[in-house]
Amino acid sequence: MTMLIKGGTVVSATGADPAEVLVDGETIIAVMSPGSDPALSAESGAERVIDATGKYVIPGGVDCHTHMELPFGGTNASDDFENGTKAAAWGGTTTIIDFAVQMAGQHVRDGLETWMDKAEGKCAIDYGFHMIVGEVNDDSLAEMDKLVDEGITSFKLFMAYPGVFLSDDAQILRAMQQSSNNGAMIMMHAENGIAIDLLAQQAFDRGDTAPINHGLVRRAEFEGEATHRAIMLAKVGAAPLYIVHLSASEALEHVARARNTGANVFAETCPQYLYLNLEEHLGAPGFLGAGYVCSTPLRTKHEHHHADLWAGLRNDSLSVVSTDHCPFCMKDQKELGLNDFRAIPNGIGSVEHRMDLIYQGVVQGEINLPRWVELCSTTPARMFGMYPQKGTIQPGSDADIVLYDPDNSWTISVDKHHMNMDYSAYEGIEVSGRVHTVISRGQVILENEEFKGRAGHGKYVPRGLSQYLT
Ligand code: URP
Ligand code: ZN
Ligand code: ZN
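Residues numbered from 1 in each chain as written. Chains lettered and ligands numbered in written order. Predicted model: local features only at pLDDT ≥ 70, side-chain atom pairs only at ≥ 80, totals over all residues. Heavy atoms only, no water.

Trainee: What exactly am I supposed to notice about the coordination of the zinc ion (ligand 3) here?
Mentor: Reference values for angles at a metal are 109.5 degrees in the four-donor tetrahedral case and 90 or 180 degrees in the six-donor octahedral case. The protein atoms that coordinate the zinc ion (ligand 3) are H65 (NE2), H67 (NE2) and D324 (OD), at distances spanning 1.9 to 2.1 Å. Note that the zinc ion (ligand 3) binds 4 donor atoms; their angles at the metal cover 86 to 138°, and the shape is irregular. Considered as a linear motif, the donors of the zinc ion (ligand 3) on their single chain read H-x1-H-x256-D. (Donors = N, O, S within 2.8 Å, 3.2 Å for Na, K, Ca; no water. Tetrahedral: all angles 85-135°; square planar, octahedral: opposite > 155°, others 65-115°.)

Dropping the structure here:
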């Protein structure tokens, strides 16, 4: 089917201009100045014409950090691939990159197959995988090379969670040496987990069991130290490094310094670190703060973390906004830690809200319109080897297109969201702008607040190496 999207303003990472977009089947075949090519844009020529008057026409969002069904702390993240990808579509995201997990004692390959099976036939939008390497050893290192050839080109390691996922410095360096040869990106959860666990035990022994202690013991200094250590190890290992879910100014400082030297060091932040804080959210009365337990944790509002992160998004110290979508319900899930903050499953769900929340940065003057698209669509696609198939509106790219209405406004609430969560971390936040139409590979999957997609439409996307390296 051919489709013409006309009357809108096409926003790319470099600008915003009135343009018409012509789609044939799953692919964009032309982007034209209005009226510039009457033969191509003639309405009679297209089987469907979509009127985008007053709307921004943007490349579908690419959320490069999600955890559908992640097993964590004795439970599983509450969105499966079907529900989570539908929720993503509601929020204007048309591609996710989720994390397949090598569990302790398991072969990397088996971990990947488990995640492939979980996603197969379920997704409403396209998806790829990073691989969490739970055990760095000869077997997993050799497997990394094979996975790169098969389109898994990024590997997450942890400096946190001793006894579960933590890799020691020698293991990290070995993985970096491997990726230096095979070209893969090393993604790092940078927090000093051994020091955190000591403070967590001491807090618990004192009787400090409430959710806020999760944030108090996961000190910003520990994120800064681990980020610096990861950067130094990557320098020695000659590997590209991507710091995930960066929340603290102390960590940002190290990333900015490394990037100023031209190193292949990158970082993402997430909406929770831009909008939520330790005192009001993690420290909410009673057990409500459990809904805000995630790692790295929310930071204190009394320091400059929020302002520094926005500045980092402007000056490219931070290259990407992802969600780290890892939802848990309060009932029966977050409640596992009622008497011990250490047992609260870590994670916040927001796959549905990323595009809207970061658009508020445009409304508030923190970033401009092209930077919104760059942070949420174009750079994640380039960073993880999906560009120009994803992340851009240009001839030859997948027709993943969102019509965004800047004149609509609404309020985020658990009653309205589509994620499988019994609360919203963003309850009551007023949003200017709203997703109007979502097109995934040429199919309209959401229109006028009606979901029209289906589980199984989403395809697995094998990825190339990062296209963001210098
Ligand atoms: O709290 C978080 N971030 N949960 C998901 C796992 C991770 O470390 O990304
Ligand atoms: Zn992490
Ligand atoms: Zn994560």
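Trainee: What is the right way to look at the packing of aromatic side chains in this model?
Mentor: Each aromatic ring pair is described using two quantities: the centre-to-centre distance and the angle formed by the ring planes. A full pass over the atoms with the stated rule returns 15 aromatic pairs. Members of the aromatic cluster, connected to one another through ring pairs, are F72, F158, Y161, F165 and F328. When the ring centre of F204 is taken as origin, the NZ or CZ atom of R342, which lies over that ring, is 4.1 Å away. Note that R434 overlies the ring of W410, its terminal NZ or CZ placed 4.5 Å from the centroid. (Phe/Tyr/Trp six-rings, centres within 6.5 Å; stacked < 30°, edge-to-face > 60°. Lys NZ or Arg CZ within 6 Å of the ring centre and 35° of its normal.)

Trainee: How do you make sense of the sheet that holds strand 6 (residues 48–51) when you look at a structure like this?
Mentor: Sheet strands pair by backbone hydrogen bonding; their relative direction is either parallel or antiparallel. Read across the sheet, 4 strands follow the order 5-4-1-6 without closing on themselves; strand pairing throughout is mixed. With partners counted over all chains shown, the strands left at the sheet margins are strand 5 (27–32) and strand 6, one partner each. The average angle at which neighbouring strand axes cross in this sheet is 20°, direction not considered. Where strand 1 (residues 2–6) meets strand 6, 4 bridges bridge the pair, whose relative direction is parallel. Looking at the pairing, L4 lines up with V49 of strand 6. (Pairing = 2+ DSSP bridges. Helix = DSSP H or I, 4+ residues; strand = E, 2+ residues; numbered from the N terminus. Axes fitted to C-alpha atoms, helices over the stretch in contact; angles between N-to-C directions.)

Trainee: Explanation requested: the sheet that holds strand 14 (residues 185–189) in the structure shown.
Mentor: Across the sheet, 8 strands lie side by side as 8-11-12-13-14-15-16-17; this open sheet has parallel pairing. Pairing within the sheet leaves two strands with one partner each, and these edge strands are strand 8 (61–66) and strand 17 (320–321). With 7 bridges joining them, strand 11 (residues 93–101) and strand 12 (residues 126–132) adopt parallel strand pairing. Residue A100 lies in a different strand from strand 12, and its bridge partner there is M131.

Trainee: Explanation requested: the coordination of the zinc ion (ligand 2) in the structure shown.
Mentor: For the zinc ion (ligand 2), every protein donor is listed as K156 (NZ), H189 (ND1) and H245 (NE2), and the spread of their distances is 2.1 to 2.2 Å. Positions of the donor residues of the zinc ion (ligand 2), expressed as sequence spacing, correspond to K-x32-H-x55-H. A gap of 4.1 Å separates the zinc ion (ligand 2) and the zinc ion (ligand 3). Here H189 is found in strand 14, whereas its partner H245 is found in the loop between strand 15 (241–243) and helix 9 (249–260), with 56 residues between them in sequence. Neither residue differs from the other here; H189 and H245 are each classed as buried. (Buried < 20%, exposed > 50% of the residue type's maximum accessible area, 1.4 Å probe, protein only.)

These values are about where atoms sit, not about what they do.
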